[in-house]
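# Breakdown of the fold
In case you want the letters, here they are:
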Amino acid sequence: MNRVAPSLSLHDQTMRLNGSIHFENAAEIYQQGLLMVKKQQQWPLLLDLSGLEASNTITLAVFVQWVRQCKIGQKIVLQHTPEKMQAIIEASNLQAAFT
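In what follows, the accompanying structure is described.

Each value, and the rule that gives it
Within each chain, residue numbers correspond to sequence positions counted from 1 in written order. In view of the model being predicted, local features appear only for residues whose pLDDT reaches at least 70, and side-chain atom pairs are presented and counted only at 80 or more, with totals across whole chains, interfaces and linings using the full set of residues. Hydrogens are left out, water is left out, and the side-chain values use all remaining heavy atoms of the structure. Under the DSSP-based scheme used, a helix requires at least four consecutive residues in state H or I and a strand at least two consecutive residues in state E, with every element numbered from the N terminus. Throughout this description, a polar contact denotes any pair of N or O atoms lying within 3.5 Å of each other; where both atoms belong to protein, one of them has to be capable of donating a hydrogen while the other can accept it, and for residues adjacent in sequence the pair is counted only when both atoms sit in side chains. Definition used in this section: a nonpolar core is a set of buried Ala, Val, Leu, Ile, Met, Phe, Trp, Tyr and Cys residues joined via side-chain atoms within 4.5 Å. Burial status follows relative accessibility: with a 1.4 Å probe on protein chains alone, a residue under 20% of its type maximum counts as buried, one over 50% as exposed, and anything between as partly exposed. Simply put, an axis is a line fit to the C-alpha atoms, just over the touching stretch for a helix, and the angle between two N-to-C directions goes from 0 to 180 degrees. For this classification, under 35 degrees means roughly parallel, over 145 means roughly antiparallel, 65 to 115 means roughly perpendicular, and everything else is oblique. Put simply, a crossing is left-handed when the front helix is turned counterclockwise from the back one by less than a right angle, and right-handed when it is turned clockwise. Whether two residues are in contact is decided by their heavy atoms: any pair within 4.5 Å suffices. Note that Gly is not counted as nonpolar here; it falls among the polar residues with everything else outside the nonpolar set of Ala, Val, Leu, Ile, Met, Phe, Trp, Tyr, Cys and Pro and the charged set of Asp, Glu, Lys and Arg. Here a salt bridge means any side-chain nitrogen of Lys or Arg lying within 4 Å of a carboxyl oxygen belonging to Asp or Glu.

## Some words on the side chain of Asp48
For Asp48, the location among the structural elements is in strand β3 (residues 45-52). At a separation of 3.2 Å, a polar atom in the side chain of Asp48 contacts the side chain of Arg16.

Spelled out as structure tokens, the structure:
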């Protein structure tokens with residue numbers, strides 16, 4: 001399977017994810033995103049998923065961990081969520097965590 005290595009970029013209130021998060025790189029991308037979340041000054045933080053190459057529960061677990069690091073009043077809102085990722089979020093009953 002040819003996987004695209006994930007990358008994160010931050011511009012103002014938008015963090016953009018490109019590529020695929022999988023078991024081998026989840027911890028690294030989590031740490032990169034966590035630094036961005038902790039430094040964020042403007043909320044909500046928009047997580048643009050238009051460049052997400054694969055949707056899976058590992059990717060969702062990374063997102064949930066970022067949300068858990070947010071303080072009261074801080075929120076991460078998903079944008080351009082692929083259908084498969086939306087289905088995983090709904091099956092996990094986590095819609096409220098990202099709206």
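## Structural notes on the nonpolar core
Core analysis: the biggest nonpolar cluster contains 25 residues, and Met15, Leu17, Leu47, Leu49, Phe63 and Trp66 have the highest contact counts within it. For this core, the secondary structure elements donating two or more residues are β2 (14-19), α1 (26-39), β3, α2 (57-68), β4 (76-79) and α3 (83-91). Top element by residues in this core is α1. It accounts for six residues.

## Some remarks on the packing of α1 against α2
One can describe the packing of α1 onto α2 by two numbers: an axis separation of 10 Å at closest approach and a directional angle of 30°. Looking at the two axes, α1 sits roughly parallel to α2. You can see that α1 and α2 cross each other, and the crossing is right-handed. Across the interface between the two elements, Ala26, Ile29, Tyr30, Gly33, Leu34 and Val37 of α1 pack against Ile58, Val62, Gln65 and Trp66 of α2. In terms of residue class, the contact of α1 with α2 is built from eight nonpolar, two polar and no charged.

## Describing the pattern of salt bridges
Evaluation of the coordinates by the stated rule reveals one salt bridge. In this structure, the salt-bridge partner of Asp48 is Arg16, at a minimum N-O distance of 3.2 Å. A residue pair is termed long-range when its members are at least 10 positions apart, and Asp48 in strand β3 and Arg16 in strand β2 qualify at 32 residues.

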